[in-house]
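Residue-level structural notes
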Amino acid sequence: MIGYKYFRHLYSASIGLQVLFLFSMAVLTKDAVASPEVAGDPLGLYGQSHEFSVLRDGVPVGRHLLLFKREDDAVRVQNVFNIEVSFLGISLYRFDYRSRALWAADGLQAIDITINDDGTNSEISGRRETTAFRISGENMATVEGTEIYPTNHWNSGALSQSRLFNTLTGKMNNVTIINAGEETVAVRGGTVRATRYVYDGELKLDSWYDRRGRWVKMAFKAKDNSDMVYFCETCPVEVGSSE
């Protein structure tokens, strides 16, 4: 099984490291145009759920599902993200991520994260305090200020921040982004107009938001030069497909 071990190691290294890119976010540079409408009411923007297929070189390898539920004056947001890469029917790499976050009118209140990275388990949590946000896990930290945005992408309010809470590592990331203009993006059932944001700095990727600030696509290059793309399954369609 030397070949199997070799391919498993290769894909674990190349795909596993790239999972970090799937959750990273960034901020607008001074020269960029205004960001989309801030997602202050996720149920109003997305309804109760929002789903993507994750493609590797055009082949489905996973999905990302967001669930939204109102709890009194707050909103509970769940992220469920799964990737599995196979070769000749053999599973080479698997990644499972779940998070539960509580958002109120004044921002993120709490978040709990569990990760299984191909058999390696980890947990991260964060809690808002009076004047700071406390992060627990392998990388424990206390972040001054209470305006914290995690790297879960759905909330376009993160585009106005210069530091973001990386929900895979538990660290705060300094990031930048350039607005690359509006484009036509393919989604399930048709297309939608959306603005592409090009991320640079510690993390590199492209992410798209429609005119209301809904997250509609994401793409990046993996270390093995494969193309990783988030394809929206539930985005509202502006122009229907003829198929």
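Above this text is the structure in question.
To keep things clear, this report deals only with the structure shown in the data block. (Residues numbered from 1 in each chain as written. Predicted model: local features only at pLDDT ≥ 70, side-chain atom pairs only at ≥ 80, totals over all residues. Heavy atoms only, no water.)

A few words on the overall build of the protein chain. Looking only at helices and strands, one finds 2 helices and 15 strands in the protein chain. Taking all 243 residues of the protein chain together, 47% fall into the buried category. Sequence separation of 24 or more characterises 49% of the internal contacts of the protein chain that already satisfy a separation of 6 or more. (Helix = DSSP H or I, 4+ residues; strand = E, 2+ residues; numbered from the N terminus. Buried < 20%, exposed > 50% of the residue type's maximum accessible area, 1.4 Å probe, protein only. Contact = heavy atoms within 4.5 Å.)

Mapped onto the elements, Leu43 comes out in helix H2 (residues 42-46). In sequence terms Leu43 and Val77 are 34 residues apart; their C-alpha atoms lie 9.8 Å from each other. Setting aside residues no more than four positions away along its own chain, Leu43 makes contact with Gln48, Phe68, Lys69 and Arg70.

Looking now at the state of the cysteines. Evaluated as defined, the whole model comprises 1 disulfide. The disulfide bridge from Cys232 ends at Cys235, spanning 2.1 Å between sulfur atoms. Judged by the torsion about the S-S bond (100°), the Cys232/Cys235 disulfide is right-handed. As far as the burial class goes, Cys232 and Cys235 line up, both buried. (Disulfide = S-S within 2.5 Å.)

Looking now at the packing of aromatic side chains. Using the criterion set out here, one finds 11 aromatic pairs in the structure. Ring centres 5.8 Å apart and planes at 50° place the aromatic pair Trp103 and Tyr149 in the tilted group. One end of the pair, Trp103, is in strand E4 (residues 90-104); the other, Tyr149, is in the loop between strand E8 (141-144) and strand E9 (163-165), with 46 residues separating them in the sequence. With relative accessibility at 12%, the residue Tyr149 sits in the buried group. When the centroid spacing of 5.4 Å and the interplanar angle of 40° are considered together, the rings of Trp215 and Tyr230 count as tilted. In this pair, Trp215 sits in strand E13 (residues 215-221) while Tyr230 sits in strand E14 (residues 227-232), placing the two residues 15 residues apart along the sequence. Since its relative accessible area comes to 0%, Trp215 is described here as buried. A connected cluster of aromatic rings, assembled from ring pairs, spans Tyr46, Phe68, Trp103, Tyr149 and Trp154. (Phe/Tyr/Trp six-rings, centres within 6.5 Å; stacked < 30°, edge-to-face > 60°.)

The two faces of a sheet get side chains in turn, since along a regular strand they alternate between them. With 4 bridges connecting them, strand E6 (residues 120-128) and strand E7 (residues 132-136) associate as antiparallel partners. Counted as the bridge partner of Arg127 is Arg134 from E7. Hairpin connection, E6 to E7: the antiparallel pair is bridged by 3 residues. Hairpin connection between E7 and E8: a loop of 4 residues separates the two successive antiparallel strands, and Gly137 in this loop has a positive phi of roughly 145°. (Pairing = 2+ DSSP bridges.)

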